[in-house]
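Close look at the chain arrangement
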Amino acid sequence: MIYDKKLRTKTLLISENKYADYQMGTAEIGTIKAADGVTDLYTRLIKPRNFNPTKKYPVLVYLYGGPHAQMITNSFLDGAYLWMYWMAEQGYLVFTIDNRGSDNRGFAFESVIHGRMGANEIDDQMKGVDYLKSLPYVDGNRLAIHGWSFGGFMTTSIMLRKPDVFKVGVTGGPVTDWKYYEVMYGERYMDTPAENQKGFDEASTLNYVNNLKGKLLLIHGSSDDTVVMQNNLVLIKKFIEAEKQVDFFAYPMHKHNVTGKDRVHLMTKVLNYVIENNK
């Protein structure tokens with residue numbers, strides 16, 4: 001314990017960096033303009049420790065994109081997960097952007113999603129893609145995308161509505177049609193189907209299955225009580241009817257997030273799928 005008489009403060013604990021002895025890549029925090037051409041959006045780009053600006057790197061985009069969540073924060077590792085740094089060491093860049101509609105930027109910033117889930121959010125994510133492709137060390141033909149929950153909705157939506165952008169996608173626990181989601185959340189942001197059928201139709205991933213071009217892995221917990229598995233199963237049925245091949249994996253007895261030691265299995269599956277299909 002350290003006591004400062006002048007300031008009358010006590011330092012109770014100094015938390016050491018547990019990763020100080022590990023070789024890790026670096027993260028760059030920046031801003032780009034949203035699709036409205038006015039709003040600043042925060043970005044995070046993680047590079048490998050032996051980054052070579054003369055090389056061309058594939059990119060994994062990790063996103064959420066919805067309300068009540070912020071992926072890039074003024075905190076340890078800027079809000080990133082350690083698996084992102086592992087992925088960077090496999091020769092990847094890992095990119096995230098907090099699009100309009102995400103948290104902690106005020107009511108107007110979040111409200112752009114109202115009635116049109118997946119519209120402005122996708123437009124902003126495409127601005128992120130434009131930024132990536134402007135970088136001389138990015139291989140624009142080897143882009144992958146991954147997200148869970150609202151990020152799963154975004155991943156599926158982008159794979160189907162922007163089918164020429166990403167070569168591979170992994171979507172976990174996705175809302176596939178907002179009429180299947182809980183009323184408390186769904187009606188807050190989309191109103192009811194009777195009031196906003198056009199918005200529900202535009203947002204439904206079920207209406208775009210014929211567009212799929214890339215490799216897509218769908219993941220769901222069998223006991224998910226937040227985004228019920230019906231979301232994924234109706235989407236898979238639509239893919240079958242459209243004669244589109246996709247991959248699916250269920251985690252028995254897991255709810256909306258795969259936790260505990262099985263989390264290692266999940267992230268191994270996600271990252272291996274990206275690496276194997278984004279060559």
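Residues numbered from 1 in each chain as written. Predicted model: local features only at pLDDT ≥ 70, side-chain atom pairs only at ≥ 80, totals over all residues. Heavy atoms only, no water.

Points about the overall build of the protein
On a plain count of helices and strands, the protein comes out with eight helices and ten strands. Against the compact-globule benchmark of 19 Å for 279 residues, the protein has a radius of gyration of 20 Å, which places it among compact chains. Overall, the protein is about 70 × 45 × 45 Å in size when its C-alpha atoms are taken along their principal axes. By the burial criterion, 49% of the 279 residues in the protein qualify as buried. (Helix = DSSP H or I, 4+ residues; strand = E, 2+ residues; numbered from the N terminus. Rg over C-alpha atoms; globule rule 2.2 N^0.38 Å. Buried < 20%, exposed > 50% of the residue type's maximum accessible area, 1.4 Å probe, protein only.)

What about the sheet that holds strand E8 (residues 168–172)?
Across the sheet, which stays open at both edges, the eight strands sit in the order E3-E4-E6-E5-E7-E8-E9-E10 with mixed pairing between neighbours. Two strands bound the open sheet, and with one partner strand each, they are strand E3 (26–33) and strand E10 (247–251). Averaged over all pairs of adjacent strands, the angle between their axes in this sheet comes to 20°, without regard to strand direction. Sheet topology note: the strand E4 (residues 40–47)/strand E6 (residues 93–97) ladder contains four bridges and is antiparallel. By the bridge assignment for E6, Leu45 is matched with Phe95. Packing against the sheet, helix H4 (residues 150–161) makes contact with strand E5 (57–63), strand E7 (138–148), E8 and strand E9 (215–221), and its axis sits at approximately 140° to E7. (Pairing = 2+ DSSP bridges. Axes fitted to C-alpha atoms, helices over the stretch in contact; angles between N-to-C directions. Contact = heavy atoms within 4.5 Å.)

Some words on the pairing of E3
Successive side chains on a regular strand alternate, one facing one side of the sheet and the next facing the other. Pairing between E3 and E4: eight bridges, direction antiparallel. The partner of Ile32 across the bridge, within E4, is Leu41. Here E3 folds back onto E4 in antiparallel fashion, the turn holding six residues, of which Gly37 has a positive phi close to 75°.

Things to note about the environment of Asn231
Turning to its location among the elements, Asn231 is positioned in helix H7 (residues 230–241). The buried category is assigned to Asn231, whose relative accessible area is 0%. Spatially, the C-alpha atoms of Asn231 and Phe153 are 10.0 Å apart, while their sequence positions differ by 78 residues. Among all residues touching Asn231, those that are not within four sequence positions of it are Pro174, Val175, Thr176, Asp177 and Tyr180.

A word on the layout of surface pockets
Over the atoms rolls a probe the size of a water molecule, and its path tells where empty space is left. Looking at the largest pocket, its volume works out to about 230 Å³. Lining the largest pocket are 14 residues, with Tyr62, Tyr81, Trp148, Asn257 and Arg263 positioned closest to its centre. Looking at the lining of the largest pocket, the elements with two or more residues in it are E5, E7 and helix H8 (262–277). Looking at which element gives the most residues to the lining of the largest pocket, the answer is H8, with three residues. (1 Å grid on protein atoms, 1.4 Å probe; cavity = no way out; pocket = protein on both sides within 12 Å on 5 of 7 lines; lining within 4 Å. Points joined across faces, edges and corners; volume = space filled by probe spheres on them.)

Looking at the packing of aromatic side chains
With the rule as written, the count across this model stands at 17 aromatic pairs. Seen from their ring centres, Trp178 and Tyr185 are 5.9 Å apart, and the 10° between their planes marks the pair as stacked. Here a set of aromatic residues connected by ring pairs shows up, and it is made of Tyr64, Phe150, Phe153, Trp178, Tyr181, Tyr185 and Tyr189. The ring of Phe51 is capped by Lys47, whose NZ or CZ atom sits 4.3 Å from the centre of that ring. (Phe/Tyr/Trp six-rings, centres within 6.5 Å; stacked < 30°, edge-to-face > 60°. Lys NZ or Arg CZ within 6 Å of the ring centre and 35° of its normal.)

Section: the side chain of Thr43
Tracing the backbone through its elements, the reader meets Thr43 in strand E4. Judged by its relative accessible area of 4%, Thr43 falls in the buried class. Apart from residues lying up to four places away in sequence, Thr43 is in contact with Glu28, Ile29, Gly30, Thr31, Ile32, Ile72, Phe95, Thr96 and Ile97.

Things to note about the pattern of salt bridges
Applying the stated criterion across every chain, the model contains 13 salt bridges. A salt bridge links Glu202 to Arg116; its shortest N-O distance comes to 2.6 Å. Residue Glu202 is found in helix H6 (residues 197–203), and its partner Arg116 is found in the loop between helix H2 (107–111) and helix H3 (120–134); the two are separated by 86 residues along the sequence. With relative accessibility at 22%, the residue Glu202 sits in the partly exposed group. Its salt-bridge partner being Asp177, residue Lys179 comes within 2.9 Å of it at the nearest N-O pair. (Salt bridge = Lys/Arg side-chain N within 4 Å of Asp/Glu carboxyl O.)

Some details on the packing of helix H1 (residues 82–89) against H8
Where H1 contacts H8, the axes come no closer than 12 Å and their chain directions differ by 30°. Regarding the angle of H1 to H8, the classification is roughly parallel. Crossing handedness for the pair H1 and H8: right-handed. Touching Trp83, Trp86 and Met87 of H1 are Met267, Leu271, Val274 and Ile275, all from H8. Each residue belonging to the contact of H1 with H8 can be placed in one class, and the counts come to seven nonpolar, no polar and no charged. (Parallel < 35°, antiparallel > 145°, perpendicular 65-115°, else oblique. Left-handed = near helix turned anticlockwise from the far one by under 90°. Nonpolar A, V, L, I, M, F, W, Y, C, P; charged D, E, K, R; others polar.)

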